[in-house]
Amino acid sequence: MTVFVEPEGWAVAMSLIFVFGLLVGSFLNVVIYRLPRSESVVRPGSRCPGCGTPLRPWQNIPVLSYAYQRGRCAHCGVAISMRYPAVEILTGCVFVALAWRLGIDFELGVWMGFAAALIAVSFIDMDHQIIPGEISLGGLV
């Protein structure tokens, strides 16, 4: 069952879906970095890849924190890869494209989950030439 959105609300709905995609993309960055290293994706919280300093909540806002800090760690000044905001923006754009194509319904959530898994697998594969079983086996379901 597709949820009908009035034309005036369509832009708001797409904006919210984009922001949701940014947030999911931020989590995917954690998965992409930690899963191949057999680290927990839950604990510890986000930290600088250079010095390991935990990020404060305002330093972990997708895309905006990266831009505000000019792509550098606020603590040690090490450059942070452009990949982080790129994954966030990519995920947001893919989620909006899926919503545009499929409409807003339960099926959209399933496709968003599938797309998120593909994004994570793609970036992990580019870096490590592996496809983690945790993602591929979950995709079989």
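**Student:** What should I look at first to understand the overall build of the protein in this one?
**Tutor:** Helix and strand counts for the protein come out as five helices and zero strands. For the protein, the sequential pattern of α-helices and β-strands runs α-α-α-α-α. Counting only C-alpha atoms and orienting by the principal axes, one finds that the protein spans roughly 50 × 35 × 25 Å. Counting all 141 residues of the protein, 32% fall into the buried class. The long-range fraction of contacts in the protein, counting pairs at least 24 apart against all pairs at least 6 apart in sequence, stands at 62%. Counting only carbon and sulfur atoms, one obtains 67% of the accessible surface of the protein, whose full area is about 9,000 Å².

**Student:** Just to check I follow, could you spell out the side chain of Glu-88 for this structure?
**Tutor:** On the secondary structure map, Glu-88 appears in helix H3 (residues 83–102). One buried charged residue, Glu-88, forms no salt bridge at all, with the nearest opposite charge on Arg-83 at 11 Å. Glu-88 has contacts with Gly-21, Leu-22, Gly-25, Ser-26, Asn-29, Pro-62 and Val-63, leaving out every residue within four places of it along the chain.

**Student:** I tried to follow the pattern of salt bridges on my own but got confused; where do I start?
**Tutor:** For side chains of opposite charge, pairing can occur when their charged atoms come near one another. Tallied over the full model, the rule gives two salt bridges. With a closest N to O distance of 2.9 Å, Glu-39 and Arg-47 form a salt bridge. Given the relative accessible area of 29%, Glu-39 is considered partly exposed. Judged by relative accessible area, which is 27%, Arg-47 ranks as partly exposed. In this structure, the salt-bridge partner of Arg-83 is Asp-127, at a minimum N-O distance of 2.5 Å. Of this pair, Arg-83 sits in helix H3 while Asp-127 sits in helix H4 (residues 106–128), and the two are 44 residues apart along the sequence.

**Student:** Would you explain the nonpolar core in this entry?
**Tutor:** The nonpolar side chains of soluble globular proteins are, as a tendency, buried together. Membership of the largest hydrophobic core comes to 23 residues, with the highest contact counts inside it found for Ile-17, Leu-28, Leu-108 and Ile-135. At the level of secondary structure, the elements contributing two or more residues to this core comprise helix H1 (7–34), H3 and H4. Tallying contributions element by element places H4 first for this core, with nine residues. The contact partners of Leu-28, leaving out residues within four places of it in the chain, are Val-87, Thr-91, Ala-116, Ile-119 and Ala-120.

**Student:** I would appreciate a short explanation of the packing of aromatic side chains in the present structure.
**Tutor:** The relation between two aromatic rings is expressed through the spacing of the ring centres and the mutual angle of the planes. Using the criterion set out here, one finds three aromatic pairs in the structure. Their ring planes at 85° and their centres at 5.8 Å tell us that Trp-111 and Phe-114 sit as a pair that is edge-to-face. Taken together, the residues span about one helical turn, with Trp-111 and Phe-114 both in helix H4 at a distance of three residues. Trp-111 gets classed as partly exposed once you look at its relative accessible area, which sits at 37%.

**Student:** Help me out: how do you make sense of the environment of Leu-98 in this one?
**Tutor:** With respect to the element layout, Leu-98 can be found in helix H3. Spatially, the C-alpha atom of Leu-98 lies 30 Å from that of Gly-45, the residues being 53 residues apart in sequence.

Reading the values: the criteria
- Within each chain, residue numbers correspond to sequence positions counted from 1 in written order.
- Restriction of local features to residues with pLDDT of at least 70 applies here, the model being predicted, together with a cutoff of 80 or more for giving and counting side-chain atom pairs; totals for whole chains, interfaces and linings are based on all residues.
- Think of the side-chain values as coming from all heavy atoms in the structure, minus any hydrogens and water.
- A run of H or I in DSSP counts as a helix once it spans at least four residues, and a run of E counts as a strand once it spans at least two, with each numbered from the N terminus.
- A simple rule labels every residue: compare its accessible area, found with a 1.4 Å probe on the protein chains alone, to the largest value its type can have, and call it buried under 20%, exposed over 50%, or partly exposed in between.
- Whether two residues are in contact is decided by their heavy atoms: any pair within 4.5 Å suffices.
- Surface exposure here means Shrake-Rupley accessible area, sampled with a 1.4 Å probe, where a residue is shielded only by the protein chains that are shown.
- Counted as positive: Lys and Arg. Counted as negative: Asp and Glu. His and the chain ends are not counted at all.
- A side-chain nitrogen of Lys or Arg and a carboxyl oxygen of Asp or Glu constitute a salt bridge if their distance falls within 4 Å.
- Only buried residues count toward a nonpolar core. Its members are Ala, Val, Leu, Ile, Met, Phe, Trp, Tyr and Cys residues joined through side-chain atoms within 4.5 Å.
- We call Phe, Tyr and Trp rings a pair once their centres come within 6.5 Å, taking the six-membered ring for Trp, and we label the pair stacked below 30 degrees between planes, edge-to-face above 60, and tilted otherwise.

Geometric descriptors of this kind do not, in isolation, establish any biological role.
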